[in-house]
Amino acid sequence: MKKSLELSGEPLMPGAFVGNPQTELSVYENWQLNIKRDDFARNYYDKWNRTKEQTKTGRPIDGIISPVCAVPAYPDDFDFSIGYTGICNLLQLPSVILPITRVDLKLDAMNDEYRQIQPVSELDQKAKDLFDKGIELFENCRVDLQVICRRLEEEKAIGLALVLERAIQSYQ
C-alpha cells in the first residue's frame, strides 16, 4: 500500500492499517483466513435465512437498515473506527449509504441522560470520551444510515435505499 501511495502522491490517512513485513501473511496463511471467513459467512447466511421463521411472508428479510457508525462521521484525524460497515466488507455484502442529517449543536447537545450512560466496552468508552471532549468536534459532521443486502443483491440494496430515502424525505 505504501508503494502505491508513493506512486500516486496521495497521503496515508490517519488510522489506516498498512501492515509491515512482520505481519505479512504467507499464501497458506491467507487461504486459512479465507476458509475461516467462508465458514463465518455460511453461519451468517444461515442465520439470515432463518429470519423466514419470523416474517409474516415466510421469506427471509430483504435487507438490514443500520447506522453506518455508532457516532456521527468524525474528522479524519481520529484514529479508530466504530463503524458497522466491516461486516459488509468481511462477508462481501452490498451496502448503500444514505446521508440523513448533520450534527446540529443545538439539537444534539449532551444531556444528563447521556452523561449517566455507563460504557460497556473499551470501544464504547472511546466513543463516549470523544463526545465528552465536546460535541463541537462533530459540528456539521454527517449522520448516515446504510442498507445492507445479501451477496450479489446490489440492485435490491439500491432499490431499498431509494425507498428508505423517499420515506425519510417525507418526514423532513
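Look above for the structure.
None of the values given here were measured: they were computed from a predicted structure.

Visitor: Honestly, the overall build of the protein chain in this entry has me stumped. Any pointers?
Guide: Within the protein chain one finds six helices and three strands. Taking 172 residues into account, the globule formula puts the C-alpha radius of gyration at 16 Å, and the protein chain, at 20 Å, lies well above it. Dimensions of the protein chain, computed from the C-alpha atoms along their principal axes, are close to 50 × 50 × 35 Å. Buried positions account for 22% of the 172 residues belonging to the protein chain. In the protein chain, 68% of the contacts between residues at least 6 apart in sequence involve partners at least 24 apart. Accessible surface computed for the protein chain: about 12,700 Å², of which carbon and sulfur atoms make up 54%. Counting 21 positive and 27 negative side-chain charges, the protein chain places the averaged centre of each group 7 Å from the other.

Visitor: For this particular structure, what's the right way to read a negative patch on the surface?
Guide: On the surface, Asp104, Asp108, Glu136 and Glu139 cluster together to form a negatively charged patch. Accessibility expressed as a relative area gives 34% for Asp108, which makes it partly exposed.

Visitor: Would you explain helix α2 (residues 27-49) in this entry?
Guide: Taking 1.5 Å per residue, 23 residues should reach 33 Å; α2 reaches 32 Å between its end C-alpha atoms and fits that length. Turning to α2, its buried residues number three or more, namely Asn34, Ala41 and Trp48. Those residues of α2 that are buried lie in contact with β1 (63-67), α3 (86-91) and β3 (142-149).

Visitor: How do you make sense of the pairing of β3 when you look at a structure like this?
Guide: Where a strand is regular, its side chains alternate between the two sheet faces. The sheet contact formed by β1 and β3 spans five bridges and is antiparallel. In the strand pairing of β3, Ile65 is matched with Val147. Looking at chain direction, strand β2 (residues 95-102) and β3 are connected through seven bridges and run antiparallel. Each bridged residue has a counterpart across the sheet, and for Arg102 the counterpart in β3 is Arg142.

Visitor: Please explain the sheet that holds β3 as it appears in this structure.
Guide: Neighbouring strands of a sheet are bound in pairs by backbone hydrogen bonds; such pairs are parallel or else antiparallel. Strands sit in the order β1-β3-β2 across an open sheet of three strands; the sheet is antiparallel. On the outer flanks of this sheet lie β1 and β2, each paired with one strand and no other. Strand-to-strand, the axes of this sheet are offset by a mean angle of 20°, without reference to chain direction.

About the cut-offs
Residues numbered from 1 in each chain as written. Predicted model: local features only at pLDDT ≥ 70, side-chain atom pairs only at ≥ 80, totals over all residues. Heavy atoms only, no water. Helix = DSSP H or I, 4+ residues; strand = E, 2+ residues; numbered from the N terminus. Rg over C-alpha atoms; globule rule 2.2 N^0.38 Å. Buried < 20%, exposed > 50% of the residue type's maximum accessible area, 1.4 Å probe, protein only. Contact = heavy atoms within 4.5 Å. Areas by Shrake-Rupley, 256 points an atom, 1.4 Å probe, with all protein chains shown as cover. Lys, Arg positive; Asp, Glu negative; His and termini not counted. Charge placed at Lys NZ, Arg CZ, Asp CG, Glu CD. Patch = residues over 30% accessible without salt bridge, like charges linked within 9 Å, V, L, I, M, F, W, Y side chains within 5 Å. Salt bridge = Lys/Arg side-chain N within 4 Å of Asp/Glu carboxyl O. Expected span 1.5 Å × (residues − 1). Pairing = 2+ DSSP bridges. Axes fitted to C-alpha atoms, helices over the stretch in contact; angles between N-to-C directions.

Coordinates in, geometry out; function isn't part of it.
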